[in-house]
Amino acid sequence: MGLTITNTPKRAEPQAVASAIEALAARFGNRLVTSLAVREQHGHTTTWLPNQPPDAVVMAQETADIQDTVRICAQHQVPVIAFGTGTSLEGHVNAPAGGVCIDLRDMNKILAVHAEDLDCVIQPGVTRKALNENLRDQGLFFPIDPGADASIGGMAATRASGTNAVRYGTMRDNVLALKVVRGDGEIVTTGTRAKKSSAGYDLTHLFVGSEGTLGIISELTIKLRGIPETIAAASCSFPSVSDACQAVILAIQTGIPLARIELMSESQVKAVNAYSKLTLPETPLLLLEFHGSEVEVGEQSKNFGAIAKDCGGGDFTWTTRPEDRNKLWQARHDAYWSVRALRQGDGVGVVATDVCVPISRLADCVGETEADLNRLGLLAPIVGHVGDGNFHCSLLCDVNDAAELARADEFMHRLVERAQAMDGTCTGEHGIGQGKQKYLQAELGLEALQAMRAIKQALDPQNIFNPGKILPQGI
């Protein structure tokens, strides 16, 4: 992969940028910000890519603000980058060609909740935690949980997933309709609140996962679920990653309706124990959650316990106490920060990456990945959404050490090639962004990339929407 950006589009002409900023200042007043500190905050990523700030930031408050910004930028051929909360991991919010960032955090209204239909309509800046806090009193929740308190517009744009995906699916499965601002400032409506439709092209799922390269989401209609009567969390240790993965495969094959099932490598458990003050057994570990009635949850837990025992699992403990469950899952969501705490130093950072393979190959892929880490002398604790074959490596790396960077580069390249050789993908949920463009052709073929380029050209002929993302140069 390399720890550098390989696709750097041509920057917008300075005079064009200046003219656009002048027009935007007349329209937005102090809601247009050009200070370096704010611009760098909107180019910042939470991983290894360098900061590439925009030339200006517009603080949008309503759909008309997005439309006007896009129209002005289109007139001057200046790039437009959407920004939610900035938690993406592959450089999605960077501005390699400069341009204008549209910050959507103030577009955070829940426009309508249709409890009887299990759906709601929201603005893109609504975060998942804020939404679930609002829904709790109605006995509803939105199940997609990527860990970070991301904006739901951003989650749709990156086709986010998370710990609940094994039961509730990903953003792809939970978005009913979108309103998207296209390149001329007009709005495309992609669907309705109906749970299914055969009307025309599936535009909703074209924009879900497009990473802001085809338009800017201004409104979402999403599915909701009823809060289960009983929720139980559990943990179980195993002698090896292979044993843990085998227990997962058997559980899924026998139809146990797992809500969450997460794998932590031994080094990740040690990091979590130190950071979150837990006493989990420091061996490969599964964290699980069961949803349903009290009887159903008890039966699910019992059945999985029997499978775990047959696969060499150790202590199997579970709880329905909300405070205990929350502590356990907060520790899982803090895995990234627990890894950062393992190694100090001015040049030390975390290179976060993910791949996804068919679940039958997960143990092989994780085992070979750990062998690579040992051979290369690298530290990268692993967590995995093992119910769907997706796992994450959090590689600690000193960017000032050229030899270590070279080993890190080799490791990440081999990780992706391994996953693709096992009929998997270079990214299960982080997205392509800037970081993984070079692997798309090997995974999907040149023809698929040419089709994507044709779609991009049709919907964004001036290439103003988030240029330099997803598609590699020359396609």
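As a reminder, the structure under discussion sits directly above these lines.
Here the structure is a predicted model, which is why all the values come from computation and not from measurement.

### Focus on the overall build of the protein
Turning to step 1, where the next piece is worked out: A tally of helices and strands in the protein yields 17 helices and 18 strands.
Turning to step 2, where the next piece is worked out: Computed over its C-alpha atoms, the radius of gyration of the protein comes to 22 Å, within 12% of the 23 Å expected for a compact globule of 475 residues.
Turning to step 3, where the next piece is worked out: C-alpha extents for the protein along the principal axes are approximately 65 × 60 × 40 Å.
Turning to step 4, where the next piece is worked out: Intrachain contacts of the protein at a sequence separation of at least 6 include 73% that bridge at least 24 residues.
Turning to step 5, where the next piece is worked out: Accessible area of the protein: about 19400 Å², with a carbon and sulfur share of 50%.
Turning to step 6, where the next piece is worked out: Considering the protein, the positive charge centre built from 42 side chains and the negative charge centre built from 55 side chains are found 2 Å apart.

### Looking at the nonpolar core
Turning to step 1, where the next piece is worked out: By size, the foremost hydrophobic cluster in this structure holds 55 residues, and its most contacted members are Leu286, Phe290, Phe304, Phe391 and Leu395.
Turning to step 2, where the next piece is worked out: Beyond its immediate stretch of four places on either side in the chain, Phe391 contacts Thr353, Asp354, Val355, Leu362, Cys365, Val366, Thr369, Ile382, Val383, Gly384 and Leu415.
Turning to step 3, where the next piece is worked out: Ranked by size, the runner-up nonpolar core spans 26 residues in total, among them Ala20, Leu32, Leu104 and Val181.

### Notes on the side chain of His385
Turning to step 1, where the next piece is worked out: Within the fold, His385 resides in strand β17 (residues 382–385).
Turning to step 2, where the next piece is worked out: Overall, His385 belongs to the buried group, its relative accessible area being 4%.

### Details of the environment of Pro14
Turning to step 1, where the next piece is worked out: Along the chain, Pro14 turns up in helix α1 (residues 14–28).
Turning to step 2, where the next piece is worked out: Pro14 gets classed as exposed once you look at its relative accessible area, which sits at 62%.
Turning to step 3, where the next piece is worked out: As for Pro14 and Thr230, which are separated by 216 residues in sequence, their C-alpha atoms are 59 Å apart.

### Concerning helix α9 (residues 241–253)
Turning to step 1, where the next piece is worked out: The terminal C-alpha atoms of α9 lie 18 Å apart, and with 13 residues this matches the ideal 18 Å at 1.5 Å per residue to within 8%.
Turning to step 2, where the next piece is worked out: Val241, Ala244, Cys245, Ala247, Val248, Ile249 and Ala251 are the residues of α9 that are buried.
Turning to step 3, where the next piece is worked out: Buried-residue contacts for α9 involve β13 (258–264), β14 (285–292), α11 (294–310) and α14 (362–376).
Turning to step 4, where the next piece is worked out: The first or second residue beyond α9 is Gly255, which carries a positive phi of 85°.

### What to know about the layout of surface pockets
Turning to step 1, where the next piece is worked out: Here the second largest pocket defines a volume of roughly 1100 Å³.
Turning to step 2, where the next piece is worked out: Along the wall of the second largest pocket there are 43 residues; nearest its centre are Arg159, Gly209, Ile432, Met452 and Ile470.
Turning to step 3, where the next piece is worked out: Listed by contribution, the elements that provide at least two residues to the lining of the second largest pocket are α6 (165–168), α8 (203–207), α16 (440–444) and α17 (446–459).
Turning to step 4, where the next piece is worked out: For the lining of the second largest pocket, the residue count by class is 17 nonpolar, 17 polar and nine charged.

### With respect to the sheet that holds β17
Turning to step 1, where the next piece is worked out: Read across the sheet, seven strands follow the order β15-β12-β14-β13-β17-β18-β16 without closing on themselves; strand pairing throughout is antiparallel. The open sheet has two edge strands with one neighbour each: β15 (316–319) and β16 (348–356). The average angle at which neighbouring strand axes cross in this sheet is 20°, direction not considered.
Turning to step 2, where the next piece is worked out: Pairing analysis gives eight bridges linking strand β12 (residues 230–237) to β14, with the strands arranged antiparallel. Looking across to β14, one finds that Cys236 is bridged to Leu286.
Turning to step 3, where the next piece is worked out: Packing of α11 onto the sheet brings it into contact with β12, β13, β14 and β15, and relative to β14 it is tilted by some 155°.

### Examining the packing of aromatic side chains
Turning to step 1, where the next piece is worked out: Evaluated as defined, the whole model comprises two aromatic pairs.
Turning to step 2, where the next piece is worked out: Summarising the aromatic geometry, the rings of Phe141 and Tyr168 are spaced 5.7 Å apart at their centres and angled 90° between planes, so their arrangement reads as edge-to-face. Separated by 27 residues along the polypeptide, Phe141 in strand β7 (residues 140–141) and Tyr168 in helix α6 bring together distant segments of the chain.
Turning to step 3, where the next piece is worked out: A relative accessible area of 13% means that Phe141 is categorised as buried.
Turning to step 4, where the next piece is worked out: On the basis of relative accessible area, Tyr168 is assigned to the buried category, the value being 8%.
Turning to step 5, where the next piece is worked out: Geometrically, the ring pair formed by Tyr336 and Trp337 is edge-to-face, given 4.9 Å between the ring centres and 90° between the ring planes.
Turning to step 6, where the next piece is worked out: The ring of Phe28 has Arg27 lying over it, and the distance from NZ or CZ to the ring centre is 4.4 Å.

### Let's talk about the environment of Lys109
Turning to step 1, where the next piece is worked out: Within the fold, Lys109 resides in the loop between β4 (100–103) and β5 (110–114).
Turning to step 2, where the next piece is worked out: Taking the relative accessible area as the measure of exposure, Lys109 reaches 45% and is therefore partly exposed.
Turning to step 3, where the next piece is worked out: Separated by 15 residues in sequence, Lys109 and Asn94 have C-alpha atoms that sit 26 Å apart.
Turning to step 4, where the next piece is worked out: Once residues lying within four places of it in the same chain are set aside, the contact partners of Lys109 are Ile122, Gln123 and Val126.

### Looking at the pattern of salt bridges
In a structure, side chains of opposite charge can pair up when their charged atoms sit close to one another.
Turning to step 1, where the next piece is worked out: Applying the stated criterion across every chain yields a total of 31 salt bridges.
Turning to step 2, where the next piece is worked out: For Asp119, the salt bridge is made with Arg193, and the minimal N-O distance between the two is 3.1 Å. With Asp119 in strand β6 (residues 119–122) and Arg193 in the loop between β9 (187–189) and α8, the pair connects residues that are 74 residues apart, well separated along the chain.
Turning to step 3, where the next piece is worked out: By relative accessible area, Asp119 is classed as buried at 0%.

How each quantity is defined
Residues numbered from 1 in each chain as written. Predicted model: local features only at pLDDT ≥ 70, side-chain atom pairs only at ≥ 80, totals over all residues. Heavy atoms only, no water. Helix = DSSP H or I, 4+ residues; strand = E, 2+ residues; numbered from the N terminus. Rg over C-alpha atoms; globule rule 2.2 N^0.38 Å. Contact = heavy atoms within 4.5 Å. Areas by Shrake-Rupley, 256 points an atom, 1.4 Å probe, with all protein chains shown as cover. Lys, Arg positive; Asp, Glu negative; His and termini not counted. Charge placed at Lys NZ, Arg CZ, Asp CG, Glu CD. Core = buried A, V, L, I, M, F, W, Y, C linked by side-chain atoms within 4.5 Å. Buried < 20%, exposed > 50% of the residue type's maximum accessible area, 1.4 Å probe, protein only. Expected span 1.5 Å × (residues − 1). 1 Å grid on protein atoms, 1.4 Å probe; cavity = no way out; pocket = protein on both sides within 12 Å on 5 of 7 lines; lining within 4 Å. Points joined across faces, edges and corners; volume = space filled by probe spheres on them. Nonpolar A, V, L, I, M, F, W, Y, C, P; charged D, E, K, R; others polar. Pairing = 2+ DSSP bridges. Axes fitted to C-alpha atoms, helices over the stretch in contact; angles between N-to-C directions. Phe/Tyr/Trp six-rings, centres within 6.5 Å; stacked < 30°, edge-to-face > 60°. Lys NZ or Arg CZ within 6 Å of the ring centre and 35° of its normal. Salt bridge = Lys/Arg side-chain N within 4 Å of Asp/Glu carboxyl O.

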